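# Breakdown of the fold
These are the residues of each chain, in order.
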Amino acid sequence: MTTTLRPTGPLQQGADGAKARTYDICVNSRPVGSIDLATHDVFGPAVCRIGDLRIAEPDRGRGRATVAALAAEEVARGWGCTRVEVTVPAEATAALRLATALGYVERSRRMAKPLAGAPTLPEGTEWRAMSEDEYAVWLARHEEGYVRDWVERGVPEAEARAKAKADNARFLPDGLATPDCRLSVLTHRGTRVGTLWVAQESGGSFVYNVEVDAEHRRHGHGRSLMLVAEEQARAAGLSSIGLNVFAGNTPALRLYESLGYEPTAYYLYKPLS
């Protein structure tokens, strides 16, 4: 039996080169599922995203999804894409195994936890709001670090810098005055040891950046910063908190797991040769 992709409608195209199309997954012309493909809204037309891949229950476990994913890569190549990306929910273990088997690499994962109980900071550890002068220095350093994180995980530098600029404009449009956003400085016995960026998102809190200054690492200040984030979320009346951690950042991943965070989604990519 032959598995193929059949367009459900015309190719959608934008003036900037963007493309999108939905396909039926067919076995001998019989629809058994569907897949959505679109070029990336941030990285542009050189990157394709698999938005949704579904196989009907009676046809699962027969390799249909594998063939459909490989066919989707051929569509992406035909669009001129050099990379394909996909988001896999944490509970979709079969989809994660499939993506890994097909050569997709984890770039990052989203994690979350419900909030319960009030955290206690170590003696001598406090936090305060970030000042305008500190913000200017922090923003430049954060942007460079953000670019480096993406470049190290398969994104060309020009794309990474464009994403950093776009994300900062989107999530910090008014700097320190951005609504529902808080940037803080952690101190220990009067010495600055790290920074924290937290915002409200979809009814919960989200940690966008947590960083311990290089000379103060390995002293538990990362955990203190996360406890501050949870404290701030509770003070805002929120019941959950989430974050994103890049693959390969083992110390951060172990910290989050020790605090009760669990994966909710995996973000993967694959270069198209």
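Structure shown above.
Being a predicted model, the structure only gives us computed values, none of them experimental. (Residues numbered from 1 in each chain as written. Predicted model: local features only at pLDDT ≥ 70, side-chain atom pairs only at ≥ 80, totals over all residues. Heavy atoms only, no water.)

## Thoughts on the pattern of salt bridges
When the charged atoms of two side chains with opposite charge come close together, those side chains can pair. If you walk through the whole model with that rule in mind, you get 25 salt bridges. The partner of Asp24 in a salt bridge is Arg6, with the nearest N and O atoms 3.9 Å apart. On the criterion of sequence distance, the pair formed by Asp24 in strand β3 (residues 19–27) and Arg6 in strand β1 (residues 3–7) is long-range, its members being 18 residues apart. When salt bridges with common partners are traced through the structure, they connect Arg128, Glu134, Arg141, Arg192 and Asp213 into a single cluster. (Salt bridge = Lys/Arg side-chain N within 4 Å of Asp/Glu carboxyl O. Helix = DSSP H or I, 4+ residues; strand = E, 2+ residues; numbered from the N terminus.)

## Structural notes on the side chain of His216
Within the secondary structure, His216 is located in the loop between β11 (204–212) and α5 (221–235). For His216, a relative accessible area of 19% corresponds to the buried category. Residues contacting His216, with those up to four places away along its chain left out, are Thr191, Arg192, Val193 and His221. (Buried < 20%, exposed > 50% of the residue type's maximum accessible area, 1.4 Å probe, protein only. Contact = heavy atoms within 4.5 Å.)

## Quick word on the packing of α5 against helix α6 (residues 250–258)
As a packed pair, α5 and α6 sit with axes 11 Å apart at the nearest point and diverge in direction by 50 degrees. When the axes of α5 and α6 are compared, the pair comes out oblique. Helix-helix and strand crossings are classified by hand; for α5 and α6 the assignment is right-handed. Packed against α5, whose contacting residues are Gly222, Arg223 and Met226, the element α6 presents Leu255, Tyr256 and Ser258 at the interface. Partitioning the contact of α5 with α6 into residue classes produces three nonpolar, two polar and one charged. (Axes fitted to C-alpha atoms, helices over the stretch in contact; angles between N-to-C directions. Parallel < 35°, antiparallel > 145°, perpendicular 65-115°, else oblique. Left-handed = near helix turned anticlockwise from the far one by under 90°. Nonpolar A, V, L, I, M, F, W, Y, C, P; charged D, E, K, R; others polar.)

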